[in-house]
Amino acid sequence: MKQLIKKIYYYFKQAIYINHIDMDSSYEKERLSSNVIRLTHAIEKGLCASNPRKGYGKEKIIELFKTIERISEIDPSFVNSTRYLMAYDALREYVEWHQEQQYSDDLVQKVSEWVNKKNDIRMLMPIGRFGGTQINAKKDFNVSAIEDLFNNRHSCRTYLDEEIDHALLEKAISLANRYPSACNRQAVRLHIVNHCRKDCIEHWFGDKKGFWNDAKEFIMVCAKVSSYVPDEYQQYEVSAGIYIGYLTLALQTYGIGYCVIQREVMNTDDFRLFATKLCIPKDEQLICLVACGLEPNEYRVPISHRLNVKEMTHYCDMDYKE
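Residues numbered from 1 in each chain as written. Predicted model: local features only at pLDDT ≥ 70, side-chain atom pairs only at ≥ 80, totals over all residues. Heavy atoms only, no water.

Novice: Give a description of the nonpolar core that names residues and reports values.
Specialist: Val221, Tyr243, Leu247, Leu251, Val290 and Cys292 are the most contacted members of the largest nonpolar core, which totals 30 residues. Only helix 1 (2-23), helix 7 (166-176), strand 2 (217-224), helix 8 (235-253), strand 3 (256-262) and strand 4 (284-294) provide two or more residues apiece to this core. Beyond its immediate chain neighbours, meaning those up to four positions away, valine 221 contacts Val188, Arg189, Leu190, Tyr243, Ile244, Leu247, Gln285, Leu286, Ile287, Cys288 and Val290. Within the second largest apolar cluster, 27 residues are counted, among which are Leu39, Phe65, Val79 and Val95. (Core = buried A, V, L, I, M, F, W, Y, C linked by side-chain atoms within 4.5 Å. Buried < 20%, exposed > 50% of the residue type's maximum accessible area, 1.4 Å probe, protein only. Helix = DSSP H or I, 4+ residues; strand = E, 2+ residues; numbered from the N terminus. Contact = heavy atoms within 4.5 Å.)

Novice: Requested: an account of a nonpolar patch on the surface, with residues and values cited.
Specialist: Residues Met1, Leu4, Ile5 and Ile8 make up a contiguous nonpolar surface patch of roughly 460 Å² in combined accessible area. Its place among the elements puts isoleucine 5 in helix 1. (Patch = residues over 30% accessible without salt bridge, like charges linked within 9 Å, V, L, I, M, F, W, Y side chains within 5 Å. Areas by Shrake-Rupley, 256 points an atom, 1.4 Å probe, with all protein chains shown as cover. Salt bridge = Lys/Arg side-chain N within 4 Å of Asp/Glu carboxyl O.)

Novice: Please provide a residue-by-residue account of the packing of aromatic side chains, values included.
Specialist: Per the stated rule, a full pass over the model turns up 7 aromatic pairs. With a centroid separation of 5.3 Å and an interplanar angle of 40 degrees, the aromatic rings of phenylalanine 65 and tryptophan 114 are classed as tilted. Here phenylalanine 65, found in helix 3 (residues 58-74), pairs with tryptophan 114, found in helix 5 (residues 106-123); they are 49 residues apart in sequence, far enough to count as distant. Residues tyrosine 179 and tyrosine 243 carry aromatic rings whose centres are separated by 5.0 Å and whose planes lie at 80 degrees to one another, so their mutual orientation is edge-to-face. (Phe/Tyr/Trp six-rings, centres within 6.5 Å; stacked < 30°, edge-to-face > 60°.)

Novice: Could you give me a rundown of the packing of helix 7 against helix 8, with the residues and numbers involved?
Specialist: Any two packed helices are characterised by how steeply their axes cross, that is the angle between the axes, and by the distance between the axes. Across the interface, helix 7 lies against helix 8 with an axial gap of 8 Å and an inter-helix angle of 140 degrees. Our classification of the angle between helix 7 and helix 8 gives oblique. Regarding helix 7 and helix 8, the two cross each other, and that crossing is right-handed. Contacts between helix 7 and helix 8 involve Leu169, Ala172, Ile173, Leu175 and Ala176 on the former and, on the latter, Tyr243, Tyr246, Leu247, Ala250 and Leu251. Its residues assigned to classes, the contact of helix 7 with helix 8 shows 10 nonpolar, no polar and no charged. (Axes fitted to C-alpha atoms, helices over the stretch in contact; angles between N-to-C directions. Parallel < 35°, antiparallel > 145°, perpendicular 65-115°, else oblique. Left-handed = near helix turned anticlockwise from the far one by under 90°. Nonpolar A, V, L, I, M, F, W, Y, C, P; charged D, E, K, R; others polar.)

Novice: Run through the confidence of the model for the chain, naming residues and quoting values.
Specialist: Mean pLDDT over the chain stands at 91; residues scoring 70 or higher make up 96%. Ranking the elements of the chain by mean pLDDT puts helix 1 last, at 85, and helix 7 first, at 98. (pLDDT = per-residue confidence, 0-100.)

Novice: Can you lay out the pattern of salt bridges for me, pointing to particular residues and giving the numbers?
Specialist: On inspection of all chains with the given rule, the structure shows 12 salt bridges. Lysine 13 is the salt-bridge partner of aspartate 269, the closest N and O atoms lying 3.3 Å from each other. Of this pair, aspartate 269 sits in helix 9 (residues 269-277) while lysine 13 sits in helix 1, and the two are 256 residues apart along the sequence. Judged by relative accessible area, which is 55%, aspartate 269 ranks as exposed. Relative accessible area serves as the criterion here: at 25%, lysine 13 is assigned to the partly exposed category. Salt-bridge contacts for arginine 70 lead to glutamate 73; the nearest nitrogen and oxygen are separated by 3.1 Å. With arginine 70 and glutamate 73 both in helix 3, this residue pair falls 3 residues apart, about one helical turn.

Novice: Talk me through the sheet that holds strand 4; I want residue IDs and the actual numbers.
Specialist: Taken in spatial order, the 4 strands line up as 1-2-4-3 in an open sheet, and their pairing is antiparallel. Two strands lie at the open edges of the sheet, namely strand 1 (188-194) and strand 3, each paired on one side alone. Pairwise comparison of adjacent strand axes, ignoring direction, gives a mean angle of 25 degrees for this sheet. Pairing of strand 2 with strand 4 involves 8 bridges; the strand directions are antiparallel. Note that in strand 4 the partner of isoleucine 219 across the bridge is valine 290. (Pairing = 2+ DSSP bridges.)

Below you can see the structure in the form of structure tokens.
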């Protein structure tokens, strides 16, 4: 009974935290910015359909215009941001596609006028496309090399006594950024703590402190709760979880050993106190820590035998009954 009450208390407290972030006006800009990305991605997905419906996306485009207008009131410099460029380029392609189809209606005309009106601003922006679609050609990969990467992926608890070059670490982070995120929101944020500040986070290691003594950097993987609406219950955890999978493979690719340190995904007072010291925004929830160090040529790891595919896979169509 005590365990049940404890769980209810923590989940109730977490719900209050999420609701607070959603209602706090100081996070309005973040919510709006994420909405711009989400709505832009909806337009892009429509253009990727095998046979797009002419004049599609009316409600989302109107909402996108309102969102851009509101965020520009809060922050006039928004027109210089990557998010703005993503929206502009996607809407421009939307207009161009309809022109190719020789189709126009009130919505397409309105979008066309907006694009033309903002064209002077866009011309002053960085060269290149930030939104819209592109052709992705199927590539032939070295399958054996990729299989080796996956099959030799192991958590590393022994590291070289050398600092990690931040340029190398950032290459891995950049590679991991190709992870799929809900409507391209990219709501993961990383905070990196050097081993000289390990005392700040060692209490999260519990009874396994000895495992992390040699680690040189600790990546705190956080999820930006304000990037999601309340109805997307805990989706911030899902996106961050996907990112962590990509990050581990990216680190392994560049010879950086790592070990994921899982902890309760709760907005505890303990974490908030630590977050305040490190200037981590209040709308970010800690998902896990990743201990890192340069990978030795050889090191001992658990066998960590994986379940057979047959043990974990069920083809539902075989048992489906009308």
